[in-house]
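Architecture and fold: a report
These are the residues of each chain, in order.
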Amino acid sequence: MRVVIALGGNALLKRGQALTVENQRENTVIAAKALAEVAQTHQLVITHGNGPQVGLLALQANAYKPEEAFPLDVLGAETEGMIGYMIERELGNILPEETPLATILTMIEVDADDPAFADPTKFVGPVYEREEAQRLAAEKKWEIKADGDKWRRVVASPLPKRIFQIRPIKWLIEKNTVVICAGGGGIPTAYDKDGMLRGIEAVIDKDLATELLSREVEADLFISATDADAVYLHWGEEQQKAIRRAPPALMREYAFAAGSMGPKVDAACHFVEATGKTAAIGALADLSDIIAGNKGTTITADATQVEFYETSA
């Protein structure tokens, strides 16, 4: 079976942890153990988040003049290489030596006229007090918006249209290579008026990019691995319930948080609707059980109703 797994940002950095190499290494070791189990019995493609890493690089860029700072497409490429290296290294320490591993820097085309550019909404980098954020916005030509009681830089998050490296990705999968690609939603690129491909100052949603990738590589199963053991209704409330299995049409009747579970549910539903195959959402540590249908939330066209776990998933 061909499985695409999107690692949430917690795969390399737990909530509240300092962004040190050692913390990321320790978390990658944990992730690699779960991923290795899958790789030994299935064809495996891995994507990952990169928000904290891009945020750190963007913060470091504050030391430079605006014209000297690296743009987001270059920072995205840097983090794809760094995180891919970490995952490859730790998987290589577990899997048989002959198992091929490859990280692909993945450029993804977006529309330069996407409406998202007129209303940037994707938060990147650290939080600031309002005055500091306004000063930086004027100095660096940033867009800023309120994030709770703080302010942060926002950039456009256009829809992914095309994965440029899809052919080599497919070739590697066909040779049973564990492929790491489309990290952080991929490197955003668009054609200019002269037909030249350029990097774009944007961040593509990781879940939407992974859903597109899953369709393009004809995955049998698309999994969003996160820090929740399932998708919950009434999350955090006394009456919360974990969804075990549901069809996409009924999942879309529920509202989920736009900044966390919402994009994952939307991407999973779209994959099932477009392919008739299966998607799932659950905890990284439960990957084998999620594939078996014993844990996590499974979204499938075969379901006729929403089924719940009796207790937590």
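Look up a bit, the structure's there.
A brief structural summary. (Residues numbered from 1 in each chain as written. Predicted model: local features only at pLDDT ≥ 70, side-chain atom pairs only at ≥ 80, totals over all residues. Heavy atoms only, no water.)

Where burial is concerned, most of helix α6 (residues 206–216) is hidden: 8 out of the 11 residues are buried. Buried residues of α6: Lys 206, Asp 207, Ala 209, Thr 210, Glu 211, Leu 212, Leu 213 and Ser 214, and no others. Residue Asp 205 occupies the N-cap position of α6, its side-chain oxygen lying 3.0 Å from the main-chain nitrogen of Asp 207. Backbone geometry just after α6 places Glu 218 at a positive phi near 55°. (Buried < 20%, exposed > 50% of the residue type's maximum accessible area, 1.4 Å probe, protein only. Helix = DSSP H or I, 4+ residues; strand = E, 2+ residues; numbered from the N terminus. Polar contact = N/O pair within 3.5 Å; in protein donor to acceptor, adjacent residues only side chain to side chain.)

If you walk across this open sheet you meet the 4 strands as β8-β4-β10-β11, and the pairing is mixed. Each of the sheet's edge strands pairs with one partner strand only, and the pair in question is β8 (162–163) and β11 (197–199). Pairing geometry for strand β10 (residues 187–191) and β11, over 3 bridges, is antiparallel. Residue Thr 189 lies in a different strand from β11, and its bridge partner there is Gly 199. (Pairing = 2+ DSSP bridges.)

This paragraph deals with the environment of Thr 47. Topologically, Thr 47 is positioned in strand β2 (residues 43–48). Along the sequence, Thr 47 and Gln 60 sit 13 residues apart, while their C-alpha atoms lie 25 Å from each other. Among residues more than four places away in sequence, those in contact with Thr 47 are Ile 5, Ala 6, Leu 7, Cys 181, Ala 182, Thr 210 and Leu 213. (Contact = heavy atoms within 4.5 Å.)

A separate point is the pattern of salt bridges. Within the structure shown, the criterion is met by 20 salt bridges. Note that Glu 22 and Arg 25 form a salt bridge whose closest N and O atoms lie 3.2 Å from each other. Pair noted here: Glu 22 and Arg 25 are both in helix α1 (residues 21–39), with a separation of 3 residues, about one helical turn. Relative accessible area serves as the criterion here: at 40%, Glu 22 is assigned to the partly exposed category. Here Lys 295 and Asp 289 are joined by a salt bridge, their closest N and O atoms 4.0 Å apart. (Salt bridge = Lys/Arg side-chain N within 4 Å of Asp/Glu carboxyl O.)

With that out of the way, let us pick up the nonpolar core. In terms of nonpolar packing, the biggest core is built from 43 residues, with Ile 169, Leu 213 and Met 251 touching the most fellow members. Elements supplying a minimum of two residues to this core: β1 (2–7), α5 (166–174), β9 (178–181), α6, β13 (231–233), β14 (241–246), α8 (261–275) and β15 (278–283). If one sorts the elements of this core by residue count, α8 sits on top with 7 residues. Excluding anything up to four places from it in sequence, Ile 169 contacts Ile 104, Thr 106, Ile 163, Val 179, Cys 181, Leu 213 and Val 217. Ala 34, Leu 35, Ile 46 and Ile 180 belong to the second-largest nonpolar core, a separate cluster that totals 26 residues. (Core = buried A, V, L, I, M, F, W, Y, C linked by side-chain atoms within 4.5 Å.)

Before going further, it helps to spend a moment on the packing of aromatic side chains. What the rule picks out here adds up to 5 aromatic pairs. Measuring from ring centre to ring centre gives 6.4 Å for Tyr 128 and Trp 142, while their planes differ by 45°; the resulting arrangement is tilted. Taken together, the residues Tyr 128 in strand β5 (residues 122–128) and Trp 142 in the loop between α4 (130–140) and β6 (143–147) connect sequence positions 14 residues apart. Relative accessible area serves as the criterion here: at 12%, Tyr 128 is assigned to the buried category. Geometrically, the ring pair formed by Phe 164 and Tyr 191 is edge-to-face, given 6.2 Å between the ring centres and 70° between the ring planes. (Phe/Tyr/Trp six-rings, centres within 6.5 Å; stacked < 30°, edge-to-face > 60°.)

Turning our eyes to something else, we now look at the side chain of Arg 153. Inspection of the secondary structure puts Arg 153 in strand β7 (residues 150–155). In terms of polar contacts, Arg 153 uses its side chain to reach the side chain of Glu 201, at 2.7 Å. Every residue in contact with Arg 153, bar those within four places of it in the chain, is listed here: Leu 72, Lys 122, Phe 123, Val 124, Trp 142, Glu 143, Ile 144 and Glu 201.

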